[in-house]
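# Chains, contacts and geometry: an overview
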Amino acid sequence: MNEFPGKEEKEERSLNFIEQIITEDIRSDKTGGRVHTRFPPEPNGYLHIGHAKAICLNYGLAEKFNGLYNLRFDDTNPLTEEVEYVDSIMEDVRWLGYDWEERLYYASDYFDVLYEWAEKLIKKEKAYVCDLSAEEISAQRGTPTRSGMESPYRNRNIDENLDLFSRMKEGEFKEGEKVLRAKIDMSSPNMHMRDPVMYRIIHAGHHRTGDKWCIYPTYDYAHGQSDSIEGITHSICTLEFEVHRPLYDWFIRELEIFPSRQIEFARLNLSYTIMSKRKLLQLVREGHVSGWNDPRMPTITGLRRRGYTPESIRYFADRIGVAKRNNVIDVALLEHSAREDLNKKAVRVMAVLNPLKLIITNYPENQSETVDAVINPEQQELGKRKVPFSREIFIEREDFMEDPPKKFFRLGPGREVRLKYAYIIKCEKVIKDSQGNITELHCTYDPLTRSGLPDANRKVKSTIHWISAPHAKEVEVRLFDRLFLKEDPDDAGEGRDFKSNLNPDSLKITKGYISTGIESLRPFDKFQFERIGYFCADPDSAPEKPVFNRTVTLRDAWARSTQNK
RNA sequence: UGUCCUGUGGUGUAAUUGGCAACACGUCUGACUCUGAAUCAGAAGAGUCCAGGUUCGACCCCUGGCAGGACAACCA
């Protein structure tokens, strides 16, 4: 899973900090040489590229150390979790190329054990039922710089606690009336150690356990224990859980269960991209995008529809590395990852997006022929396809300039250019309408320069793509740009939010013309429109009406040089 | 005026544990090219947050600062 075709298996790479920890743990025989990781999504939203980093990390680690990895849904909050999300998550993880085999778990699988363990803690006088309201608990917790106050219920006796806890479970109380709390230290400098809540009452059905429970464990009282139950050796999570680690360890110690080890890494941030589930949900709900799978979304499903391949995402995850410092990865690296993989895979096809009619005046009327076009120069074995050529063609408007600057190599009055796979032509005349807009070009061709002919190798300054006009089939093309105008979308002025930075031009729908190469089109088929970019067939495509999404443009030195002026 | 974490080219990650900063993306040249792509060759760009200290030698160890982040849901 770690080889990227084309990149000769690399020189030993140095270990990242997690691999170093694992290596050390193996050396000191902490786990009997065993490595077992897990990816623990909460099914309350769609997976995004940041999750992809975590998946590749967790599963990559297991593979690297010949270990195992689990998929575990962290479903302890029935209020926000839905099956729709668990289904999409499984689909996305599988699509990324990871198979958890039979090791699919849910935190809710452990509700019974968790309950027994809670009783155990009560018996050890390490947990108690507290009648304070959420507001009161919050008020008594203190602040990071001021210690908290102990709950008046903190010293209830064991039997009373046991009784109350079981009655909580039986549904005798209303939501918020009681909680079970760990009895630790209200003056700890770590807020999470100030008698954290372990169970709260929620009278709501759960997507898996139905109405069996009306008390649900909190993250802190479920996560580490789930890790432990599954024998997870290294529990990898993001930085914000760093302060939870003492609590994670506390529960494991008090419960005397398998000591999983929590390791935190910095989550992925991408420039011009928003990663918060809450904000992504907002974009969906408010209709700023068409859905979770809008190709402009950083979700896995969005990237997939955009034309990204699993390999390109894994390559990306591999390139960004893992560390503990906060980071912002340049989207250019993501785009590079797409090109890297697509260059090798995408079938080449000539498409014209902004057509300019060109008539070859010395080409016989009513004649046409076919020329051979390479399907993919990176995969010569795929051979060639026949492309129709005729007297009237379309070229890209941007490939002609009436008054070209010195560095412009393409077509201009009196200039010569090669039509890729066909002939060299010369522009003889520019036709305009009454407003002065260029409506067509009259050119002549040199029959001896047909590609493949012995005398065809005359040098011209550039080669452009084209489409035979009579053979042109119209297609829909969706051109995407970054969703946000600012590198940091959250950088909005006073009283504004990230939505004020939305790019109004992030989606442009236009038409394109293709003569051949897209017969038997299937959704998600990948193409390179030569000299333009990588495109992917959208599921919206119909046999008579293909729709293409632009994944990413080709690198374009000319465009870059003109932009810099 | 708490606790914890983190500071290395524009961005990200390294430096085999103390031996004089490397790789990738990006940028810029040039070669090649029937994709201004790809490929190939090369360049610029940091002296490692700051100040002391230990050492023959510090990105790495120590001390003190400074800066950024996390933590006060019955979210995860």
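Residues numbered from 1 in each chain as written. Chains lettered and ligands numbered in written order. Predicted model: local features only at pLDDT ≥ 70, side-chain atom pairs only at ≥ 80, totals over all residues. Heavy atoms only, no water.

## Description of the protein's contact with RNA strand B
For clarity, the cut-off: Near, as used in this document, describes a residue that has one of its heavy atoms within 4 Å of the molecule or strand being considered. Each polar contact in these results corresponds to two N or O atoms within 3.5 Å; when the atoms are within protein, one needs to be able to donate a hydrogen and the other to accept it, and residues that are neighboring in sequence are counted only if both atoms are side-chain atoms. Numbering goes from the N terminus for both helices and strands, where a helix is a DSSP run of H or I of at least four residues and a strand is a run of E of at least two. Three classes are used, and their members are as follows: Ala, Val, Leu, Ile, Met, Phe, Trp, Tyr, Cys and Pro are nonpolar, Asp, Glu, Lys and Arg are charged, and the others, Gly among them, are polar.
Near RNA strand B you find 72 residues, and of these R325, R348, R410, S451 and R531 are the closest. Counting only atoms of RNA strand B within 4 Å of the protein, the fraction found in sugar and phosphate groups is 65%. Contact between RNA strand B and Y219: a phosphate oxygen at 2.8 Å from a main-chain N or O atom of the residue. The side chain of E242 places a nitrogen or oxygen atom 3.4 Å from a sugar or linking oxygen of RNA strand B. Looking at the surface near RNA strand B, the elements with two or more residues in it are helix 5 (134-140), strand 6 (197-201), helix 11 (310-320), helix 12 (331-345) and helix 13 (557-563). Here the element with the most residues in the surface near RNA strand B is helix 12; it accounts for 4 residues. A breakdown of the residues in the surface near RNA strand B according to their chemical character gives 26 nonpolar, 23 polar and 23 charged.

## What to know about the environment of S260
Rule in force here: Any two residues having at least one pair of non-hydrogen atoms within 4.5 Å are treated as being in contact.
Tracing the sequence through the fold places S260 in the loop between helix 8 (245-255) and strand 9 (261-265). Between the alpha carbons of S260 and R531 there is a distance of 52 Å; along the sequence they are 271 residues apart. Beyond its immediate sequence surroundings of up to four residues, S260 is in contact with D227, S228, I232, T233, Y248 and I252. A polar contact of 3.5 Å, which involves the side chain of S260, links it to the backbone oxygen of D227.

## Some points on the packing of aromatic side chains
The way to describe two aromatic rings as a pair is by their centre distance and the angle between their planes. How we decide: Aromatic pairs are defined between Phe, Tyr and Trp rings, using the six-membered ring for Trp, whenever the two ring centres lie within 6.5 Å; interplanar angles under 30 degrees are classed as stacked, those over 60 as edge-to-face, and all others as tilted. The buried label goes to any residue with under 20% of its type's maximum accessible area, the exposed label to any with over 50%, and the partly exposed label to all in between, with areas taken from a 1.4 Å probe on protein chains only. For a lysine, the NZ atom is tested; for an arginine, the CZ atom; a charge sits over a ring if that atom is within 6 Å of the ring centre and within 35 degrees of the ring normal.
As enumerated under the stated definition, the model contains 26 aromatic pairs in all. Each ring, one from F389 and one from Y423, has its centre 5.3 Å from the other, and the planes form 50°; the classification is tilted. Here F389 is found in strand 14 (residues 384-390), whereas its partner Y423 is found in the loop between strand 16 (416-419) and strand 17 (424-432), with 34 residues between them in sequence. This pair shows no difference in class: F389 is buried, exactly as Y423 is. Judged by centre distance (5.7 Å) and plane angle (85°), the ring pair of F527 and F548 falls under edge-to-face. A residue pair is termed long-range when its members are at least 10 positions apart, and F527 in strand 23 (residues 526-529) and F548 in strand 25 (residues 547-553) qualify at 21 residues. Each residue in the set F111, Y115, F165, Y199, W213, Y216, Y221, W250 and F251 is aromatic and connected to the rest through ring pairs, giving one cluster. In this structure, R208 packs its charged tip against the face of Y106, placed 3.6 Å from the ring centre.

## Some thoughts on helix 12
Stated precisely, the cut-off is as follows: Expected helix span is taken as 1.5 Å per residue step, with the number of steps being one fewer than the number of residues.
For helix 12, spanning 15 residues, the distance from its first C-alpha to its last is 21 Å, which sits close to the expected 21 Å at 1.5 Å a residue. Inspection of helix 12 places V331, L334, S337, A338, R339, D341 and L342 among the buried residues, and these make up the whole buried set.

## What about the packing of helix 4 (residues 111-123) against helix 7 (residues 219-230)?
Each pair of packed helices gets described by two things: the angle between the helix axes and the distance between those axes. Condition: Axis lines are fitted to C-alpha atoms, over the contacting stretch for helices. Their N-to-C directions set the angle, which ranges from 0 to 180 degrees. Angular relationships are summarised with four words: roughly parallel below 35 degrees, roughly antiparallel beyond 145, roughly perpendicular across 65 to 115, and oblique for the angles in between. Note on convention: near helix rotated counterclockwise from far helix by under a right angle means a left-handed crossing. Clockwise means right-handed.
Viewed as axis vectors pointing N to C, helix 4 and helix 7 meet at an angle of 110°, and their least axial separation amounts to 11 Å. Looking at the two axes, helix 4 sits roughly perpendicular to helix 7. The crossing of helix 4 and helix 7 is right-handed. Contacts between helix 4 and helix 7 involve V113, L114, W117, A118 and L121 on the former and, on the latter, Y221, A222, Q225 and I229. Along the lines of polarity and charge, the residues of the contact of helix 4 with helix 7 split into 8 nonpolar, 1 polar and no charged.

It is worth stressing that arrangement in space is one thing and function is another; only the former is reported here.
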